[in-house]
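Observations on the model geometry
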Amino acid sequence: MKKSTLFFCTECGNEFSKWTGKCASCGAWNSMTEAPTADAAPASRMKNSKSGVHASHGTGAVAVSLSDISTAAEVRFQTGLGELDRVLGGGAVVGSLVLISGEPGIGKSTLLMQICRDIARFAKILYVSGEESLLQLKLRSQRLKVSALRLLAETQLTDVLTVTAQEKPDVLIIDSIQTMYSPELNSAPGSVAQVKQCSLELMNLAKSQGITIFIIGHVNKEGAIAGPKVLEHMVDCVLYFEGERHLVYRILRAEKNRFGSTQEIGVFEMSEDGLLEVPNPSERLLSGRPTHVPGTCVACVMEGTRPVLAEVQALVTPTTFGTPRRTVSGLDFNRAMLLLAVLEKRGGLFVGNQDAYLNVIGGLKLIEPGCDLPSILAVASSFKDKPILEGMVAFGEVGLTGEIRNVTCIQQRLAECFRLGFTQCIIPAQGTKNIPAPEGLQVYRARTVKDAIALALAP
């Protein structure tokens, strides 16, 4: 008797006949989920199974010589939002499949509806929503001042493909992939099989017809994209929309990009009229920064090609329990624990019996090594209850022996610090001897954590 269900790995998408704690394919633990099996596809759709493309999408594959491919035609177009274009690598690529994910209510639908306002001037757009009615889409488009837009409220993928063939749009928006389902499968919308099948159909549509497709993907409680991990492998670009729902700033970050860098970020501000671009995030992130207060230090980190200044705050207080409490927001927790150990062992500050809280203001997540030094200085400032010198900024990577190592793009960082009015800066001494500093910016070169603390804290 044929089994009616199979087990799928949510990380790699492989199928198994029974549940196992560890996936034999990718090695992920506790990633198995049970889902109904898919019915066999009709023979007419299996003719080109070896190529992975259904027969209904084309008559056959043809090899093309590399020299015959023309690069004269423009393959990118501007979305109208400079911050989004920056993250995409200079604009959206024609025929690409872009996945945008984030927490509920973070602004994913608003972002895609907003780019329709500018794209509609030169391209035809079809917006497919499986979550909202046409009236809801109409109200949102009026709020965002979007007029030239074709709307479709549908969840069945075959109907979506049929309407797409009739409308022949240049840009297709799917909101969201978890609501789409293929009638060929018996499983419910949002299941592993449905998400994988619908994504494959959309990928074939994008590549064969040259349609740029944006799809929205929800996240699970762990913060990962709901559905199989193979969804992220299929698409050309994976964008994460980050930020707290109760804060005004939103960060758009690329986790995967076949046509550009994954180091760039886009910064937006949520307002009543939609998402506003923040071309100079440093000024916004530093606005309202307290002065002459212990426990705060300004960090200069590189986000792609753009230097960004952010405020790192720390609060160190004696613990009332046997085990000190550690809370970190905006920094990697394990990295922060490593820095606390270095500060105690190499910096001479005993923080082992102290509760330590670290936070990056504005909801920004700093993952670059250059934020090591300002994090340590903020903790040292709070521990000694002495403020960092006025007008001082710092950056540098900290090693386990307490040395401060060099980071990239020193000149760009110094220029940004000077442009924003800072007068003093602590940088690594290693490899920076011949790097000139802007006139009016006093640069201190520190070799160890102890040296940096002595330079930064007011006497």
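Residues numbered from 1 in each chain as written. Predicted model: local features only at pLDDT ≥ 70, side-chain atom pairs only at ≥ 80, totals over all residues. Heavy atoms only, no water.

1. Re unusual backbone geometry
How we decide: Only runs of H or I of at least four residues qualify as helices and only runs of E of at least two qualify as strands under DSSP, and these elements are numbered from the N terminus.
Of note, the amide linkage connecting Asp175 to Ser176 takes the cis form, showing an omega dihedral of 5°. For Ser176, the position within the fold is in the loop between strand E9 (171-175) and helix H5 (192-209). For Lys168, which is not a glycine, the phi torsion comes out positive at approximately 50°. One can find Lys168 in the loop between helix H4 (157-167) and E9.

2. Focus: the sheet that holds strand E16 (residues 306-318)
Our working definition: At least two bridges found by DSSP between two strands is the condition for calling them paired. Fitted lines through C-alpha atoms serve as axes, helices being fitted only where they are in contact, and the angles separating the N-to-C directions of these axes extend from 0 to 180 degrees. Note on definitions: a residue-residue contact is assigned when non-hydrogen atoms from the two residues lie within 4.5 Å.
Across the sheet, which stays open at both edges, the 7 strands sit in the order E17-E18-E16-E15-E19-E22-E23 with mixed pairing between neighbours. Two strands close off the open sheet at either side, each with one partner strand: strand E17 (326-329) and strand E23 (442-446). Strand-to-strand twist across the sheet, computed as the mean angle between neighbouring axes with direction ignored, equals 25°. Judged from the 7 bridges that link them, E16 and strand E18 (residues 354-360) form a sheet pairing that is antiparallel. In the strand pairing of E18, Gln313 is matched with Asn359. Across the sheet, helix H11 (residues 449-456) touches strand E19 (392-394), strand E22 (424-428) and E23, and the angle it forms with E23 is around 150°.

3. Considering the packing of aromatic side chains
Spelled out, the test is: Any Phe, Tyr or Trp ring, taking Trp's six-membered ring, that has another such ring centre within 6.5 Å forms a pair; planes under 30 degrees apart are called stacked, those over 60 apart edge-to-face, and the others tilted. Three labels apply to residues, based on accessible area from a 1.4 Å probe with only protein chains included: buried if under 20% of the type maximum, exposed if over 50%, partly exposed otherwise in between. Counting as a charge over the ring demands two things of the Lys NZ or Arg CZ atom: a distance within 6 Å of the ring centre and an angle within 35 degrees of the ring normal.
All told, the structure shown has 2 aromatic pairs when counted by the stated rule. Plain terms: the ring middles of Phe241 and Phe268 are 6.1 Å apart, the flat faces sit at 75° to each other, and that makes the pair edge-to-face. Within this pair, whereas Phe241 is found in strand E11 (residues 237-242), its partner Phe268 is found in strand E13 (residues 265-271), the two being separated by 27 residues in sequence. Look at Phe268 and you get buried, because its relative accessible area is 0%. Positioned above the aromatic ring of Phe395 is the side chain of Arg413, whose terminal nitrogen or guanidinium carbon lies 5.3 Å from the ring centre.

4. So, the packing of helix H9 (residues 372-384) against H11
For any two helices packed against each other, the geometry is given by the interaxial angle and the distance between the axes. Going by this rule: Every angle not falling under 35 degrees, over 145, or within 65 to 115 is termed oblique; those three ranges are roughly parallel, roughly antiparallel and roughly perpendicular. In this scheme the handedness of a crossing depends on how the near helix is turned from the far one: anticlockwise by less than a right angle means left-handed, clockwise means right-handed. Throughout, the ten residues Ala, Val, Leu, Ile, Met, Phe, Trp, Tyr, Cys and Pro are labelled nonpolar, Asp, Glu, Lys and Arg are labelled charged, and all others, Gly among them, are labelled polar.
With their axes 10 Å apart at the nearest point, H9 and H11 run at an angle of 60° to one another. Considering the angle they form, H9 stands oblique to H11. Along this stretch, H9 crosses H11, giving a crossing that reads as right-handed. Of the residues in H11, those touching H9 at Leu373, Ile376, Leu377, Ala380 and Lys384 are Val449, Ala452, Ile453 and Ala456. Partitioning the contact of H9 with H11 into residue classes produces 8 nonpolar, no polar and 1 charged.

5. Notes on the sheet that holds E13
Hydrogen bonds between backbone groups are what pair the strands of a sheet, and the pairing can be parallel or antiparallel. Within the open sheet, the 9 strands sit side by side as E8-E7-E9-E10-E6-E11-E12-E13-E14. Their pairing is mixed. Two strands bound the open sheet, and with one partner strand each, they are strand E8 (150-153) and strand E14 (274-277). Each strand of the sheet is rotated relative to its neighbour by a mean of 25°, with strand direction disregarded. Its contacts with the sheet put helix H3 (residues 134-143) on strand E7 (125-129), E8 and E14, and the angle it makes with E8 is roughly 145°. Against the sheet, H5 touches strand E6 (97-102), E9 and strand E10 (212-217), its axis set at about 160° to E10.

6. Regarding empty space enclosed by the protein
Filter applied, for reference: Cavity and pocket criteria rest on a 1 Å grid covering protein atoms alone: a 1.4 Å probe that fits but cannot get out defines a cavity, protein on both sides within 12 Å along at least 5 of 7 lines defines an open pocket, and an atom within 4 Å of a point defines a lining residue. Grid points are joined across faces, edges and corners, and a volume is the space filled by probe spheres set on the points.
Applying the stated criterion across every chain, the model contains 3 cavities of 30 Å³ or more. Lining the largest cavity are 13 residues, and of these Arg289, Pro290, Thr296, Ile388 and Leu389 lie nearest its centre. At 3 residues, the largest contribution of residues to the lining of the largest cavity is made by strand E15 (residues 296-303). Around the second largest cavity, the lining residues are Arg76, Leu88, Gly91, Ala92, Val93, Ser96, Val98, Cys237, Asn257 and Phe259.

7. Re the side chain of Ser129
Where we set the bar: The term polar contact refers here to a pair of N or O atoms within 3.5 Å; inside protein, the definition further demands a hydrogen-donor-capable atom paired with an acceptor-capable atom, and it admits residues adjacent in sequence only when both atoms are side-chain atoms.
Following the sequence through the fold, Ser129 ends up in strand E7. For Ser129, the side chain forms a polar contact with the main-chain nitrogen of Glu131, separated by 3.4 Å. When residues no more than four places from it in sequence are discounted, the contact partners of Ser129 are Leu137, Leu152, Ala153, Glu154 and Asp175.

8. Topic: the environment of Gly21
The topology assignment puts Gly21 in the loop between strand E2 (15-16) and strand E3 (32-36). Residue class for Gly21 comes out partly exposed when judged on its relative accessible area of 21%. Non-local contacts of Gly21, meaning those with residues more than four positions away in its chain, are made with Ala28, Trp29 and Asn30.

9. Details of the environment of Ile100
Tracing the sequence through the fold places Ile100 in strand E6. Sequence spacing of Ile100 and Leu6 is 94 residues, and the spatial spacing of their C-alpha atoms is 29 Å. Setting aside chain neighbours within four positions, we find Ile100 in contact with Lys108, Leu111, Leu112, Phe214, Ile215, Ile216, Gly217 and Leu239.

10. Details of the pattern of salt bridges
Under the convention used in this document: In what follows, salt bridge is the name for a side-chain nitrogen of Lys or Arg lying within 4 Å of a carboxyl oxygen of Asp or Glu.
Using the criterion set out here, one finds 15 salt bridges in the structure. Among the salt bridges present, the one from Glu83 reaches Arg306, with a minimum N-O distance of 3.2 Å. Placement of the pair is Glu83 in helix H1 (residues 82-88) and Arg306 in strand E16, with a sequence separation of 223 residues. A relative accessible area of 4% means that Glu83 is categorised as buried. The partner of Asp372 in a salt bridge is Arg335, and the shortest N-O contact between them spans 2.3 Å. One end of the pair, Asp372, is in helix H9; the other, Arg335, is in helix H8 (residues 333-345), with 37 residues separating them in the sequence. You can call Asp372 buried: its relative accessible area is 1%.

11. Topic: the nonpolar core
Condition: We define a nonpolar core as any set of buried Ala, Val, Leu, Ile, Met, Phe, Trp, Tyr and Cys residues linked to one another through side-chain atoms lying within 4.5 Å.
Core analysis: the largest hydrophobic core is formed by 47 residues, its most contacted members being Leu343, Leu364, Leu366, Leu377 and Ile426. In terms of residues, this core owes the most to one element, H9, which gives 6 residues. With near-sequence residues (within four places) excluded, Leu343 lies in contact with Gly348, Leu349, Val351, Ile376, Val379, Ala380, Val449 and Ile453. Membership of the second largest hydrophobic core comes to 33 residues, among which are Tyr127, Leu144, Ile216 and Phe268.

12. Here's the deal with H3
It helps to recall that an α-helix has 3.6 residues per turn; residues three or four apart then point in one direction. Under the convention used in this document: Here the arc refers to the set of directions running from the helix axis out to each C-beta atom.
Taken together, the buried positions of H3 are Leu137, Arg140 and Ser141. Looking straight down H3, one finds its buried side chains confined to an arc of 100°; they lie on one side. Elements that come into contact with the buried residues of H3 comprise helix H2 (108-119), E7 and E8. The positive-phi residue at the C-terminal boundary of H3 is Lys145, with phi of around 60°.

Such coordinate-based values are descriptive only and should not be taken to indicate function.
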